[in-house]
Amino acid sequence: MSTTSWTAFGGDLHLDLTGRRAAGTGLRAALEDALREAVQDGRLAPGTRLPSSRALGEDLGIARNTVVEAYGQLTAEGWLASRQGSGTTVAGRTTPRPGRRAADPPRGRRTARYDLMPGRPDVSLFPRTAWLTAARRALATAPHEAFDYGSPLGRIELRQALTDYLARVRGVRTDPDHLLICSGFTQGIGLLCTALRERGAGRARGARTLAVEGYGLPPQRDMVRAAGLTPAPLPLDTAGARTELLGARRDAAVLLTPAHQYPTGAALAADRRSAAVGWAREQDGYVIEDDYDGEFRYDRQPLGAMQALDPERVVYAGTAAKSLAPGLRLAWLALPDALVEPVARLKQLADTMSPVLDQLTLAELITSGTYDRHVRRSRLHYRRRRDALVAALAERAPHVRVTGIAAGLHAVLQLPPGAPSEAELLARAEDFELAVTGLSWHLADPALAPDAPPALVVGYATPPDRLFPAALDALCALLRTAGAAGAS
């Protein structure tokens, strides 16, 4: 008897009975051991329906009664479950099998009841029905060549739709030939940094640094380093990054979040926008504008993209991660003419091109007006969330100050003097089943803010509606303990 594949229940699973039989194990015991091992190592997931005893017996060339007895024994042990009319399935378990390590939590998530980590949207808002409708239309109308290898810039349908949309909504000045579709902003910044590094290597000044905001996302700085550039932090204040300090620095470019600085929440002042563009012109450098949540401003109309100040010196980077879902891995770069060819070449080397069907679907969503309607609904939803957060803090934790403009999916909560350290607050948060993060985690260089008071960066988008009030209760309870400590 040899290793055998099952096909009777719609999938293949290899059971090695030969080795067990050779070791003197009886046939039924060998089958029980093989099934037990398949469940234990995860090849048979909880709820998987097993083939009937007759079908399995025929596949393995053994008597049906042998399979019936093996199923019965494993059911008695709790490995399998059997119900009249439903057949035999793998039983669910609440604890890991012996010898199997539980999976680590996904990166960026914590195992807490109330997830207030910043940087993620409410994915339950994803317009599934509209997306499916748009996908059907896109499939019905797409030319055959759309599903062949294509331009690394991306599908022309999406680039044209984005050209029109970005001009109308964000004031971006570009055209389809200068837009590149990439797999999220992470890939986009990697492509840009690599192109800038290669460009610097062939120039006399050999720029090897990328100016970044003093507070930002550590994974982005890691990506900059991985692409061969060194992040060079700029100080921040309530008017955003101090771009006037760029001066005669020879950075390859400066990476900014001008509409809504992440995470401090400042909007980059007009004179500092002009200073950054002026520096790029004088130093033959570039500004990379990360417009990660530019569509979500709640107190007034959002600031237009600074790319309009000089499309040949500002790279505009947009994404669907906040407006739709990060799992789509769809982002776009509006590139200056000199960067189109090198960035497109690197994109082709990286993965040839981004997935076509999702591009066609997003293009249909935009051109039909459905995307606009979805963004408006989402904006209202997040504004209500932010208003509820601010109101709860004003009533129950008035010692905490919410800083930054009314925008985006997160807020920074400044604690009063004498409050516990961020490390202590984060440790206490676990007692309240809260997942939050501290402002200091985002700091590129501690020397930039040696006396910064403790602060939390709180995302208000992620909790489902049924848990959001309780999440606010837990957050306020945590902050009250910080206020009591500061007053004592």
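Sequence order as written defines the numbering, with residues in each chain counted from 1. Local features are withheld for residues below a pLDDT of 70 in this predicted model, meaning they are given only at 70 or higher, and side-chain atom pairs are given and counted only at 80 or more; totals for whole chains, interfaces and linings count all residues. Just so you know, side-chain values use all the structure's heavy atoms and leave hydrogens and water out.

### Things to note about the environment of glycine 184
Working step 1: Note on conventions: DSSP H or I runs of at least 4 residues are helices, E runs of at least 2 residues are strands, and numbering of each starts at the N terminus. If you trace the backbone, glycine 184 turns up in helix H7 (residues 184-201).
Working step 2: Placed 148 residues apart in sequence, glycine 184 and tryptophan 332 show a C-alpha to C-alpha distance of 7.7 Å.
Working step 3: Excluding residues that lie within four positions of it along the chain, glycine 184 makes contacts with Arg329, Leu330 and Ala331. Contact definition: two residues touch when any of their heavy atoms are within 4.5 Å.

### Details of the environment of isoleucine 181
Working step 1: Its place among the elements puts isoleucine 181 in strand S6 (residues 179-182).
Working step 2: A C-alpha to C-alpha distance of 6.6 Å links isoleucine 181 and leucine 333, two positions 152 residues apart in sequence.
Working step 3: The contact partners of isoleucine 181, leaving out residues within four places of it in the chain, are Pro152, Leu153, Gly154, Leu158, Arg159, Leu162, Leu330, Ala331, Trp332, Lys347, Ser354 and Gln359.

### Some words on the sheet that holds strand S14 (residues 331-334)
Working step 1: Pairing between strands requires that DSSP locate at least two bridges from one strand to the other. Taken in spatial order, the seven strands of this open sheet run S6-S14-S13-S12-S11-S7-S8, and their pairing is mixed. Of all strands in the sheet, those with a lone pairing partner are S6 and strand S8 (230-234), marking the two edges. Direction aside, neighbouring strands of the sheet carry axes that sit 25° apart on average.
Working step 2: Bridge analysis of strand S7 (residues 209-213) against S8 gives five bridges, and the strand direction is parallel. Angles run from 0 to 180 degrees between N-to-C directions of axes, and those axes are lines fitted to C-alpha atoms, restricted for helices to the stretch in contact.

### Looking at the pattern of salt bridges
Oppositely charged side chains may form a pair once their charged atoms are brought near each other.
Working step 1: Here, a salt bridge means any side-chain nitrogen of Lys or Arg that lies within 4 Å of a carboxyl oxygen of Asp or Glu. Counting across every chain of the model gives 24 salt bridges.
Working step 2: Across the salt bridge formed by arginine 170 and aspartate 291, the nearest N and O atoms sit 2.8 Å from each other. Here arginine 170, found in helix H6 (residues 156-170), pairs with aspartate 291, found in the loop between strand S12 (286-290) and strand S13 (314-319); they are 121 residues apart in sequence, far enough to count as distant.
Working step 3: Relative accessibility thresholds used throughout: buried, under 20% of the residue-type maximum; exposed, over 50%; partly exposed, between the two (1.4 Å probe, protein chains only). Aspartate 291 sits in the buried class, given a relative accessible area of 7%.
Working step 4: Between aspartate 284 and arginine 199 there is a salt bridge, with the nearest N and O atoms lying 2.8 Å from each other. With a gap of 85 residues between them, aspartate 284 in the loop between helix H9 (270-283) and S12 and arginine 199 in helix H7 connect regions that are remote in the sequence.
Working step 5: Exposure remark for aspartate 284: the relative accessible area of 27% places this residue in the partly exposed category.
Working step 6: Classification of arginine 199 as partly exposed rests on a relative accessible area of 21%.
Working step 7: One network of salt bridges, with partners in common, ties together Asp237, Arg242, Glu244 and Arg272.

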